[in-house]
Amino acid sequence: MTADSTLTPEQILSAAEDVLRRFGPSKATVVDVARALGVSHGSVYRHFRSKAALREAVTARWLDQAHHSLHTITVETGPAGERLHRWLATLFAAKRKKALDDPELFATYLVLVAENSHTVEAHLYTLTAQIAHIVQDGIHQGEFTARHTATTARAVFQATAHFHDPVHAAEWADTRQSDADFAALWALVYAGLTGRRGGPAGSGAN
């Protein structure tokens, strides 16, 4: 049981995730979350003003889980091609892990994502901005030939959607094939960015 005075938003979000896993998005309620925490539903509402706000926060938390690792790669100073490959591979690995390790919860989050378009837009903006940062580094380093950073970043993100858009999750189960497909696409993306065939050292692209 959690005391009302020590209840934190993170505890509520963790409990909400468990409740969503057990009951699904159509049946899970704030009362269920409060019961799981051993507090009144009013205690939950003191942190999240409505059920919709709670679901939006749960969605944002889920979407943002990979942001720390991706941000770390973004702000490194090494070769841009290697960093961009690792950034895309990290995002793909995170999304695939969620889809394959807990498919029921993954399906639940797809429902929540559809409800929270503004949260999704903010998430996509953050990811695209990180790609843009790496692309800009690649231009300064002389590795990338692109001229328009923002346009190039959006193009890279859209071109690799098969490996991070949840609508393709069913195709990620064959990990050997999806890894081969990712490597092949990366080779094309890198060629487009640099005008050279293949990929940077360590990327696995030939």
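Here goes a summary of the coordinates provided. Model, not experiment: these values are computed from the prediction.

Parameters at a glance
- Residues numbered from 1 in each chain as written.
- Predicted model: local features only at pLDDT ≥ 70, side-chain atom pairs only at ≥ 80, totals over all residues.
- Heavy atoms only, no water.
- Salt bridge = Lys/Arg side-chain N within 4 Å of Asp/Glu carboxyl O.
- Helix = DSSP H or I, 4+ residues; strand = E, 2+ residues; numbered from the N terminus.
- Axes fitted to C-alpha atoms, helices over the stretch in contact; angles between N-to-C directions.
- Parallel < 35°, antiparallel > 145°, perpendicular 65-115°, else oblique.
- Left-handed = near helix turned anticlockwise from the far one by under 90°.
- Contact = heavy atoms within 4.5 Å.
- Nonpolar A, V, L, I, M, F, W, Y, C, P; charged D, E, K, R; others polar.
- Buried < 20%, exposed > 50% of the residue type's maximum accessible area, 1.4 Å probe, protein only.
- Polar contact = N/O pair within 3.5 Å; in protein donor to acceptor, adjacent residues only side chain to side chain.
- Lys, Arg positive; Asp, Glu negative; His and termini not counted.
- Phe/Tyr/Trp six-rings, centres within 6.5 Å; stacked < 30°, edge-to-face > 60°.

With respect to the pattern of salt bridges
Inference 1: Under the criterion given, the structure shown has 12 salt bridges.
Inference 2: Here Asp 179 and Arg 96 are joined by a salt bridge, their closest N and O atoms 3.0 Å apart. Taken as a pair, Asp 179 in helix H10 (residues 175-194) and Arg 96 in helix H6 (residues 80-101) lie far apart in primary sequence, 83 residues in all.
Inference 3: Ionic contacts of the salt-bridge type, sharing partners, join the residues Glu 10, Glu 17, Asp 18, Arg 21, Arg 61 and Asp 102 into one network.

Points about the packing of helix H5 (residues 67-74) against helix H8 (residues 117-141)
Inference 1: At a closest axis distance of 10 Å, the pairing of H5 and H8 adopts a crossing angle of 20°. By the criterion of interaxial angle, the relationship of H5 to H8 is roughly parallel. In this structure, H5 meets H8 at a crossing whose hand is left-handed. Between H5, through His 67, Leu 70, His 71 and Thr 74, and H8, the contact on the second element is made entirely by His 123, Thr 126, Leu 127, Gln 130, His 133, Ile 134 and Asp 137.
Inference 2: The residue makeup of the contact of H5 with H8, split by class, is 3 nonpolar, 7 polar and 1 charged.

Structural notes on the environment of Glu 143
Inference 1: By the element assignment, Glu 143 lies in the loop between H8 and helix H9 (149-159).
Inference 2: Residue class for Glu 143 comes out buried when judged on its relative accessible area of 12%.
Inference 3: Separated by 25 residues in the primary sequence, Glu 143 and His 168 place their C-alpha atoms 31 Å from one another.
Inference 4: Engagement of the side chain of Glu 143 in a polar contact is seen with the backbone nitrogen of Gly 81, the distance being 3.0 Å.

Brief notes about the side chain of Lys 98
Inference 1: As for its placement among the helices and strands, Lys 98 is situated in helix H6.
Inference 2: It is Asp 64 that comes nearest to the buried, bridge-free Lys 98 among opposite-charge side chains, at 8.3 Å.
Inference 3: Contacts of Lys 98, omitting those with residues within four sequence positions, involve Trp 62, Gln 65, Pro 103 and Phe 106.

Observations concerning the packing of aromatic side chains
Inference 1: The tally for this structure, following the rule as stated, stands at 7 aromatic pairs.
Inference 2: With a centroid separation of 5.7 Å and 65° between ring planes, the pair formed by Trp 62 and Phe 106 is classed as edge-to-face. Taken together, the residues Trp 62 in helix H4 (residues 51-63) and Phe 106 in helix H7 (residues 103-115) connect sequence positions 44 residues apart. In this pair, the class of Trp 62 matches that of Phe 106, namely buried.

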